[in-house]
Amino acid sequence: MAESSGNPLRRPLADGIVPEEVVTRTENRWVKIMATMLAVMMVVIVVTGVAGALHPSSNVEVIDPLTLHLGGEFVESNLGTAIEPDGSATVRLIGEQYDFVPHCVVVPADTPVKFRLTSADVVHGFLLPDTNINTMVVPGFVAEVRTSFDQPSEYEMPCHEFCGLGHHAMWTRVSVVPKDQFTAQGPLERKRCAKQ
Ligand code: CUA
């Protein structure tokens, strides 16, 4: 067989065997494509991490998803927005099929805000568009993400990890209100979902 003449890809090969050099060339091409894609993705991760403060939740903090409601940090009365002694805000939320608890939260603008989230059942997702908040909410772990909001706004966000048949109906609202308005509100108002 005159294997060296012409492009071996352009004629049928005996017994369906692909010549070794063709296999090698194809593999090398795909290795280069994959290496380029990995390099691009690494650059995207580093750029968004440095420029946009967009980090995955990196605190490895475990919690028993079966006893969230019985006591501790994620007991129902402790959910929602709390103001810390240093003036920053901590928002605690539970994701569960198919809602976030509380269903909406109010946070003050111009204030460091720390979201602490966990799941009571399966993996959910929490994302506030156009901010650096984007995290998975994994049962057994506490996800902690930090941000601060420059101005009042409303974030209506769907759960963004497929979590079952009701996934499309699972969402929460984060209302960012002026600092003085937030201070004037009582704890119950802060948990109410009425649109401002
Ligand atoms: Cu929760 Cu999708």
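Scroll up a little and you will see the structure.
So, here is what we can say about the structure in this document. Just so it is clear, the model here is predicted, and its values are computed rather than measured.

## Thoughts on the packing of aromatic side chains
Point 1. Tallied over the entire structure, the rule returns 3 aromatic pairs.
Point 2. Look at F115 and F126: their rings are 5.3 Å apart centre to centre, the planes differ by 50 degrees, and that puts the pair in the tilted class. Separated by 11 residues along the polypeptide, F115 in strand β5 (residues 112-119) and F126 in strand β6 (residues 124-127) bring together distant segments of the chain. The pair formed by F115 and F126 is uniform in burial state, with each residue classed as buried.
Point 3. Between F149 and Y155 the ring centres are 5.4 Å apart and the planes differ by 45 degrees, which places this aromatic pair in the tilted class.
Point 4. Note on F149: relative accessible area 3%, which makes it buried.
Point 5. Owing to a relative accessible area of 15%, Y155 belongs among the buried residues under this scheme.
Point 6. Every member of this aromatic cluster is reached through a ring pair, and the members are F100, F115 and F126.

## Looking at the sheet that holds strand β9 (residues 153-158)
Point 1. Strand order in the open sheet formed by 3 strands is β4-β10-β9, and the pairing between neighbours is mixed. Bordering the open sheet on either side are β4 (104-108) and β9, each of which pairs with just one other strand. Averaged over all adjacent pairs, the angle separating strand axes in this sheet is 20 degrees, with direction ignored.
Point 2. Note that β4 and strand β10 (residues 171-177) share 5 bridges and pair parallel. Along β10, the bridge assignment pairs V106 with S175.

## Describing the nonpolar core
Point 1. With 23 residues, the main nonpolar core has F115, F126, L128, F149 and V174 as its most contacted residues.
Point 2. Elements represented by at least two residues in this core include exactly β2 (89-96), β4, β5, β9 and β10.
Point 3. Residues in contact with F126, not counting those within four places in the same chain, are L93, F100, F115, L117, I133, N134, T135, V137, M157, H160, T172 and V174.
Point 4. Residues L68, F74, I94 and V142 belong to the second largest nonpolar core, which totals 5 residues.

## Section: the side chain of S88
Point 1. Within the fold, S88 resides in the loop between β1 (80-83) and β2.
Point 2. S88 gets classed as buried once you look at its relative accessible area, which sits at 14%.
Point 3. A polar contact is formed between the side chain of S88 and the side chain of D86, at a distance of 2.8 Å.
Point 4. Those residues in contact with S88, other than ones at most four positions away along the chain, are A82, I83, T111 and P112.

## A short note on unusual backbone geometry
Point 1. In this chain, Q97 is followed by Y98 through a cis amide linkage whose omega measures 0 degrees.
Point 2. Positionally, Y98 belongs in the loop between β2 and β3 (99-101).
Point 3. Cis peptide bonds are those with omega within 30 degrees of zero, and the linkage from V101 to P102 qualifies with -5 degrees.
Point 4. Structurally, the position occupied by P102 is in the loop between β3 and β4.
Point 5. The phi dihedral of D110 is positive, around 55 degrees, even though this residue is not glycine.

## Here we look at the pattern of salt bridges
Pairing of side chains with opposite charge becomes possible as their charged atoms draw close.
Point 1. Tallied over the full model, the rule gives 7 salt bridges.
Point 2. With a closest N to O distance of 2.5 Å, R116 and E73 form a salt bridge. In this pair, R116 is assigned in strand β5 and E73 in the loop between α1 (20-51) and β1, connecting sequence segments 43 residues apart.
Point 3. When its relative accessible area of 7% is taken as the criterion, R116 is described as buried.
Point 4. Note on E73: relative accessible area 24%, which makes it partly exposed.
Point 5. Across the salt bridge formed by R173 and E154, the nearest N and O atoms sit 3.5 Å from each other. Of the two residues, R173 is situated in strand β10 and E154 in strand β9; the sequence distance between them amounts to 19 residues.
Point 6. Accessibility expressed as a relative area gives 8% for R173, which makes it buried.
Point 7. Through salt bridges with shared partners, one network takes in E61, E73, R92, R116, E144 and R146.

The rules behind these values
- Residues numbered from 1 in each chain as written.
- Predicted model: local features only at pLDDT ≥ 70, side-chain atom pairs only at ≥ 80, totals over all residues.
- Heavy atoms only, no water.
- Phe/Tyr/Trp six-rings, centres within 6.5 Å; stacked < 30°, edge-to-face > 60°.
- Helix = DSSP H or I, 4+ residues; strand = E, 2+ residues; numbered from the N terminus.
- Buried < 20%, exposed > 50% of the residue type's maximum accessible area, 1.4 Å probe, protein only.
- Pairing = 2+ DSSP bridges.
- Axes fitted to C-alpha atoms, helices over the stretch in contact; angles between N-to-C directions.
- Core = buried A, V, L, I, M, F, W, Y, C linked by side-chain atoms within 4.5 Å.
- Contact = heavy atoms within 4.5 Å.
- Polar contact = N/O pair within 3.5 Å; in protein donor to acceptor, adjacent residues only side chain to side chain.
- Salt bridge = Lys/Arg side-chain N within 4 Å of Asp/Glu carboxyl O.

Just distances and angles here, no functional claims.
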